[in-house]
Each structure stands twice: as structure tokens, then as C-alpha cells.
Amino acid sequence: MTESNRRPIEVPPRRQAEAPSVQNLLKANRSAPVTERALSAPTLSSGTEPRLASALKQVSYYMPTDDVTRAKAAYTATNGQEKDHSWSDFITRAVLTEVKRREDLYNEGDRFQGNGRNLAPGRKIQF
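Keep in mind that what you see is a predicted model, and the values were worked out from it rather than measured. All residue numbers refer to positions counted from 1 along the written sequence of the respective chain. pLDDT decides what is reported in this predicted model: residues at 70 or higher carry local features, side-chain atom pairs at 80 or more are listed and counted, and totals for whole chains, interfaces and linings draw on all residues regardless. Calculated side-chain values reflect all of the structure's heavy atoms, with hydrogen atoms and water omitted.

A. Here's a closer look at the overall build of the protein. Only DSSP runs of H or I reaching four residues or more are called helices, and only runs of E reaching two or more are called strands; each is numbered from the N terminus. When helices and strands are counted, the protein shows 4 helices and 0 strands. Listed by position from the N terminus, the elements making up the protein come as α-α-α-α. Evaluated residue by residue, the protein yields a buried proportion of 9% over its 127 residues. By definition in these notes, contact holds between two residues if any of their heavy atoms fall within 4.5 Å. Summarising the internal contacts of the protein: among those between residues at least 6 apart in sequence, 27% fall at separations of at least 24. With residues, only the protein chains shown are counted as cover, and all accessible areas are computed by Shrake-Rupley using a 1.4 Å probe. Carbon and sulfur atoms form 55% of the exposed surface of the protein, whose accessible area is close to 12600 Å². When accessible area is computed with a 1.4 Å probe and restricted to protein chains, residues below 20% of their type maximum are described as buried, those above 50% as exposed, and intermediate ones as partly exposed.

In C-alpha cells form, the structure reads like this:
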């Protein structure tokens, strides 16, 4: 057998501590997303003047399948006429409509005070 002249591959050098990784670059350089709707559409709680939306947060919920199908059909059929930018926009406006109704009915039109804590998981106990 003949002897090889090749040298083994070495471990690559470590990155410098001050150089951020790709993951850090992607997240660190982002500001809070501002949607087109947040700049142009009025919110229900502020009347008719537009306002910037706060940072977006992903939420999840449970809804009967028939109701989801019905809501998606309504969104698909009317999103052009209603100027919905997305499914999230549609759901947000639907929820805020109910929030505004309850604020008007139970809190003299003022916002309820919230503390940002998570809601209790599961169904409420019925007596």
C-alpha cells in the first residue's frame, strides 16, 4: 500500500465572542412588526382616528368546526369588500366588536383594566 500525503481535516476555528450568530442577527435587527392595517384602519376603541397597533401576539383558541367553516366562508366571500388584509385581521375585528359591545354594556364604554396575565386554562367550573 502507498502512504497518503493528505492531512486530516481540522476542526474549524471558533467564532469571535463579539460576532453575533445568524440567529441573533435575524431576531436582533427586527423591530416590532407594524401591519398596514395598524397604520390605516381605525380601531373600535379609539373612534375614527387610526393608531399604531401594539406588538402582535399569536393566540390560539378552540371553536366548533361548523363555526370555523362558517367564519372562513364569510371571510372568503367578503374579504375584498370589507378590506380584510388577512384572516387574523378578520378575527381581530370580530373579537374587538364583541369587546366594544361589552365595554359599552358593562363598563360605561370605558376599557376594562387588564393586567396581561394569562387566562386560567380549561373550562370554567359551572355551579
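B. Highlighting the packing of helix H3 (residues 65-82) against helix H4 (residues 87-106). An axis is simply a line fitted to the C-alpha atoms; with a helix, the fit covers only the stretch in contact. Between two such axes, the angle follows the N-to-C directions and lies from 0 to 180 degrees. Packing of H3 against H4 leaves a shortest axis separation of 10 Å and a crossing angle of 100 degrees. With respect to their mutual orientation, H3 and H4 come out roughly perpendicular. In this structure, H3 uses Ala 71, Lys 72, Tyr 75 and Glu 82 to contact H4, whose residues at the interface are Trp 87, Phe 90 and Arg 93. Three categories are distinguished: nonpolar for Ala, Val, Leu, Ile, Met, Phe, Trp, Tyr, Cys and Pro, charged for Asp, Glu, Lys and Arg, and polar for the others, with Gly belonging to the last. Its residues assigned to classes, the contact of H3 with H4 shows 4 nonpolar, no polar and 3 charged. Note that the term roughly parallel is reserved for angles under 35 degrees, roughly antiparallel for angles over 145, roughly perpendicular for angles of 65 to 115, and oblique for everything else.

C. Geometry of the pattern of salt bridges. Counted as salt bridges are all cases of a side-chain nitrogen of Lys or Arg within 4 Å of a carboxyl oxygen of Asp or Glu. Applying the stated criterion to the full structure yields 5 salt bridges. Note that Arg 101 and Glu 98 form a salt bridge whose closest N and O atoms lie 2.7 Å from each other. Of the two residues, Arg 101 and Glu 98 are both situated in helix H4; the distance of 3 residues between them amounts to about one turn of the helix. The shortest N-O distance in the salt bridge between Glu 98 and Arg 102 comes to 2.8 Å.

D. The side chain of Glu 103, seen in detail. You can see Glu 103 is positioned in helix H4. Buried and without a salt bridge, Glu 103 has Lys 100 as its closest oppositely charged side chain, separated by 5.0 Å. For the charge count, each Lys or Arg is scored as positive and each Asp or Glu as negative, with His and the chain ends excluded.

E. Spotlight on a nonpolar patch on the surface. The grouping of Val 95, Leu 96 and Val 99 at the surface amounts to a nonpolar patch, some 210 Å² of accessible area in total. Following the sequence through the fold, Val 99 ends up in helix H4. Residue class for Val 99 comes out partly exposed when judged on its relative accessible area of 35%. Only residues above 30% relative accessible area that lack a salt bridge enter a patch, with like-charged residues linked at up to 9 Å and the nonpolar side chains Val, Leu, Ile, Met, Phe, Trp and Tyr linked at up to 5 Å.

F. Geometry of the packing of aromatic side chains. When two rings of Phe, Tyr or Trp (its six-membered ring) have centres within 6.5 Å they constitute a pair, described as stacked for plane angles under 30 degrees, edge-to-face for angles over 60, and tilted for the intermediate range. All told, the structure shown has 3 aromatic pairs when counted by the stated rule. With 5.6 Å between their ring centres and 55 degrees between their planes, Tyr 75 and Phe 90 make a pair best called tilted. Within this pair, whereas Tyr 75 is found in helix H3, its partner Phe 90 is found in helix H4, the two being separated by 15 residues in sequence. Here Tyr 75 falls in the buried class, since its relative accessible area comes to 14%. Aromatic rings pair up to connect Tyr 75, Trp 87 and Phe 90 into one cluster.

G. Region of the structure containing the environment of Arg 102. Among the structural elements, Arg 102 can be located in helix H4. Owing to a relative accessible area of 45%, Arg 102 belongs among the partly exposed residues under this scheme. In contact with Arg 102, other than residues within four places in its own chain, are Asn 107 and Phe 112.

H. Layout of unusual backbone geometry. The backbone of Lys 83 sits at a positive phi, close to 60 degrees, despite the residue not being glycine. Locating Lys 83 in the fold gives a position in the loop between H3 and H4.

I. How the structure looks around H4. Multiplying one less than the number of residues by 1.5 Å gives the expected span of a helix. The end-to-end C-alpha distance of H4, which contains 20 residues, comes to 29 Å, matching closely the 28 Å that a straight helix rising 1.5 Å per residue would cover. Counted as a polar contact is a pair of N or O atoms within 3.5 Å, where, for protein atoms, one must be capable of donating a hydrogen and the other of accepting one, and residues adjacent in sequence contribute only when both atoms are in side chains. Put simply, Ser 86 is the residue that caps the front of H4, since its side-chain oxygen is 3.4 Å from the backbone nitrogen of Ser 88. At the exit of H4 stands Glu 108, carrying a positive phi of roughly 55 degrees.

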